[in-house]
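Residues per chain, in single letters:
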Amino acid sequence: MISSNCSWKANTNYICKTATKRCWLLHRLKNLGATREQLLSVYQKRSRTILEMAAPAWHSSLTKEEIYRIEREQKKAFAIILGNEYNSYKNALSVLKQETLEKRRENMTIKFAKKCAKNPKHSNMFPRNTMRQNLRTNKKYKEYECRTKRLYDSAIPYMTRLLNKLN
């Protein structure tokens, strides 16, 4: 869901609202005696998939507020899963052996960009840099010239920068 002003706010609202609704299932399963591992599995399959759906397309364009709202959904789920053992989000991440959603989206975006760059049908999204004579900026992929912040933060230029950082 993208709006006419190229904002992902409607998408963030939708996924957060959906994830909040699915927290009810965690509450219900916990009351029925589900184990921590079972609750975590249900969260990963029912809620986190919604929070990460098509993430490479919109991850780079999120505002700090939107990043916080999405991360807050995972915090709520971890608080339900851990119950009285929940101290802090950072502690919950280590106890449940999970990563922040922001870190997961970043890794998903890198993985997606690598696959696209290797695929002959999509490799034109990331044109190779033919002028590699400047040894200081030895970039494998040609970066897009962006005159606006909106374009600079959009998916393809962002993924191009990520690919260049890896090389």
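A brief look at the structure comes next. (Residues numbered from 1 in each chain as written. Predicted model: local features only at pLDDT ≥ 70, side-chain atom pairs only at ≥ 80, totals over all residues. Heavy atoms only, no water.)

### Brief notes about helix α1 (residues 9–31)
Move 1: For α1, spanning 23 residues, the distance from its first C-alpha to its last is 34 Å, which sits close to the expected 33 Å at 1.5 Å a residue.
Move 2: All of the buried residues along α1 are N11, T12, I15, C16, T18, A19, C23 and L26.
Move 3: Close packing links the buried residues of α1 with α2 (36–51), α3 (55–58) and α4 (64–82).
Move 4: At the exit of α1 stands G33, carrying a positive phi of roughly 100°. (Helix = DSSP H or I, 4+ residues; strand = E, 2+ residues; numbered from the N terminus. Expected span 1.5 Å × (residues − 1). Buried < 20%, exposed > 50% of the residue type's maximum accessible area, 1.4 Å probe, protein only. Contact = heavy atoms within 4.5 Å.)

### Considerations on the nonpolar core
Move 1: Formed by 26 residues in total, the largest nonpolar core has its most connected members in Y43, L51, W58, I70, F78 and I81.
Move 2: At the level of elements, α1, α2, α3, α4 and α5 (89–95) are the ones that each hand at least two residues to this core.
Move 3: In terms of residue count, the dominant contributor to this core is α4 (seven residues).
Move 4: With residues near it in sequence (within four places) discarded, W58 still touches W8, N11, I15, L51, E52, M53, I70 and R105.
Move 5: One finds C116, A117, F126 and A155 within the second-largest nonpolar core, a separate group that totals eight residues. (Core = buried A, V, L, I, M, F, W, Y, C linked by side-chain atoms within 4.5 Å.)

### Details of helix α8 (residues 155–166)
Move 1: Across its twelve residues, α8 extends 17 Å between first and last C-alpha, which sits within 8% of the 16 Å expected from 1.5 Å per residue.
Move 2: α8 sits mainly inside the fold: nine of its twelve residues count as buried.
Move 3: Three or more residues of α8 are buried, namely A155, P157, Y158, M159, T160, R161, L162, L163 and N164.
Move 4: Against α3, α6 (101–118) and α7 (149–152) lie the buried residues of α8.

### Quick notes on the packing of α6 against α8
Packed helices, taken two at a time, are described by their axes: the angle between them and the distance between them.
Move 1: At a minimum axis distance of 9 Å, the contact between α6 and α8 shows a crossing angle of 85°. Compared by their axis directions, α6 and α8 come out roughly perpendicular. Together, E106, T109, I110, F112, A113, K114 and A117 of α6 and Y158, M159, L162, L163 and L166 of α8 make up the contact between the two elements.
Move 2: A class-by-class count of the residues in the contact of α6 with α8 yields nine nonpolar, one polar and two charged. (Axes fitted to C-alpha atoms, helices over the stretch in contact; angles between N-to-C directions. Parallel < 35°, antiparallel > 145°, perpendicular 65-115°, else oblique. Nonpolar A, V, L, I, M, F, W, Y, C, P; charged D, E, K, R; others polar.)

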